[in-house]
Amino acid sequence: MTNFQLGLVELRRIAMPLVSPFRTSFGSQSARDILLVRVELAAEDGSVTEGWGECVALSEPSYSPEYVEGAQHVIEHHLLPQLRSTGRLDAAGVGAALSKLHGHPMAKAAIEMAVLDAQLRSTETSFASYLGATRTTIPSGVSVGIHDSVDDLLNTVQGYVDDGYVRIKLKIEPGSDIEHVAAVRELIGPDTPLQVDANTAYRRTDGQHLRQLDPFNMLLIEQPLPEADIIGHALLAAEVDTPICLDESLVSASGTADAIELGACEIANIKPGRVGGYLEAVRIHDLCVAKNIPVWCGGMLETGIGRAANAVLAALPGFTLPGDISASTRFYAQDIVIDPITITDGHVTVPTSPGLGFELDKTFLDQVTTRTTTLR
Ligand code: OSB
Ligand code: MG
């Protein structure tokens, strides 16, 4: 279906305050500076449909090498010119068209996402039917930032339990780990699904330290070691009973296959932005299903655009663990969509409208827009 012509592209930056600061081992965020990509696609009959993508790059290269200003630059000066030079296209062709340019998966993903949204809207197809989603609701997990005080942490966690979240993920770092997990496990009881995310804060020599998490019946330890240390994760997986899950380390399907082969990845966190887009995310899902590796969908503090698309992805059958797909209100007082993600009985309804599954609140979007760049 390579029958669309890419027309105007708009790069929008929006400023979105967070309802409370979100602290991880790599830093604290109190607002997001987000890059949105709007594309206009012309079908063969000449009709033009717009589509939107959300770039998950943060303001600084602290989670991954990409950052929002760099993503905007590479899209404007390298990725879009390359894509335009390839002629007619569809979403499935975007990745291949951009593959000769190295890296920048989050920037590439945002473009593919916008093209996909436009293509689906143009053909009145839902993302759920395009992907073959098998569920109508998905369980919702919440990611809880690092708190200085254990009492404050317990208050926050209790609030999320009251909201109905079915799985708690605690951000950890050396000094805010074993004691925090023990207190939360005590609070939520032995059976509520609980996991931790270190965002690369530990080293290979921390195996004996992390073994202290084993008694707490944790689902997984996410990304304990630096992203390039695949062998270290394999060594840790042999030393610690709690399953090791990779996030930052997984940037492609082939790299994920290698990590699994080496015993470094017992569970996979799939984030479409980190791996270059939703279509590569599906390839990783398929690979993990074939290898019997449980997967779940991660989050990057997305607005209603990315949150809707993530909810659809997480409705594929291999997503057997709850993802970081919380209600929009977990992070934002007001969303840029008119149909923000909510949770009911701990679950999110998988969107089924044409396109990725959201409708923009254009008035609010304009209010939070800080910069618009139009590229022809
Ligand atoms: O490591 O999963 C992560 C947010 C920003 C960057 C990295 C991560 C996170 C989260 C939040 O944990 C997930 C969410 O969007 O709910
Ligand atoms: Mg993570």
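Below you will find a few notes about this structure. (Residues numbered from 1 in each chain as written. Chains lettered and ligands numbered in written order. Predicted model: local features only at pLDDT ≥ 70, side-chain atom pairs only at ≥ 80, totals over all residues. Heavy atoms only, no water.)

## Section: the site of ligand 1
Near ligand 1 there are 16 residues, and of these Lys171, Asp197, Asn199, Lys271 and Leu301 occur at the shortest range. For ligand 1, an oxygen atom lies 3.0 Å from a polar atom in the side chain of Ser143. Here an oxygen atom of ligand 1 sits 3.0 Å away from a polar atom, N or O, in the side chain of Lys271. Its free accessible area being 390 Å², ligand 1 has 99% of it covered by the protein chains. Residues that form the shell around ligand 1 fall into these classes: six nonpolar, three polar and seven charged. When residues of the shell around ligand 1 are assigned to domains, at least three fall in each of domain 1 (5-124 + 361-371) and domain 2 (129-349). (Near = heavy atom within 4 Å. Polar contact = N/O pair within 3.5 Å; in protein donor to acceptor, adjacent residues only side chain to side chain. Areas by Shrake-Rupley, 256 points an atom, 1.4 Å probe, with all protein chains shown as cover. Nonpolar A, V, L, I, M, F, W, Y, C, P; charged D, E, K, R; others polar. Domains from an automatic or database assignment.)

## Describing the packing of helix H5 (residues 150-163) against helix H6 (residues 178-188)
Where H5 meets H6, the axes come as close as 10 Å, and the angle between the chain directions of the two elements is 40 degrees. By the angle class used here, H5 and H6 are oblique. Once H5 is placed against H6, the crossing between them reads as right-handed. Here Val150, Leu153, Leu154, Val157, Gln158 and Val161 of H5 come into contact with H6, specifically with Glu179, His180, Ala183, Val184, Leu187 and Ile188. Among the residues making up the contact of H5 with H6, the classes are represented as nine nonpolar, two polar and one charged. (Axes fitted to C-alpha atoms, helices over the stretch in contact; angles between N-to-C directions. Helix = DSSP H or I, 4+ residues; strand = E, 2+ residues; numbered from the N terminus. Parallel < 35°, antiparallel > 145°, perpendicular 65-115°, else oblique. Left-handed = near helix turned anticlockwise from the far one by under 90°. Contact = heavy atoms within 4.5 Å.)

## Here's the deal with helix H9 (residues 253-261)
Burial in H9 covers these residues: Ala253, Thr256, Ala259 and Ile260. Take H9 and look down its axis: the buried residues cluster within an arc of 120 degrees, on one side only. What points out from H9, more than 90 degrees from its buried face, is the exposed set Ser254 and Glu261. Against the buried residues of H9 lie helix H8 (230-239), strand S9 (244-246) and helix H10 (278-290). The first or second residue beyond H9 is Gly263, which carries a positive phi of 80 degrees. (Buried < 20%, exposed > 50% of the residue type's maximum accessible area, 1.4 Å probe, protein only. Arc of directions from axis to C-beta.)

## A few points about the pattern of salt bridges
Tallying each qualifying case throughout the model produces 22 salt bridges. A salt bridge links Arg38 to Glu50; the nearest nitrogen and oxygen atoms lie 2.8 Å apart. Residue Arg38 is located in strand S2 (residues 27-42), and its partner Glu50 is located in strand S3 (residues 48-55); the two are separated by twelve residues in the primary sequence. Judged by relative accessible area, which is 11%, Arg38 ranks as buried. The class for Glu50 is partly exposed, based on a relative accessible area of 25%. Glu359 is paired through a salt bridge with Arg121; the nearest N and O atoms lie 3.1 Å apart. Residue Glu359 is found in the loop between strand S12 (347-349) and helix H12 (362-368), and its partner Arg121 is found in helix H3 (residues 105-122); the two are separated by 238 residues along the sequence. When its relative accessible area of 34% is taken as the criterion, Glu359 is described as partly exposed. Each of the salt bridges in this network shares a partner with another, and the network as a whole consists of Glu10, Arg12, Arg38, Glu40, Glu50, Lys362 and Asp366. (Salt bridge = Lys/Arg side-chain N within 4 Å of Asp/Glu carboxyl O.)

None of this, on its own, says anything about what the molecule does.
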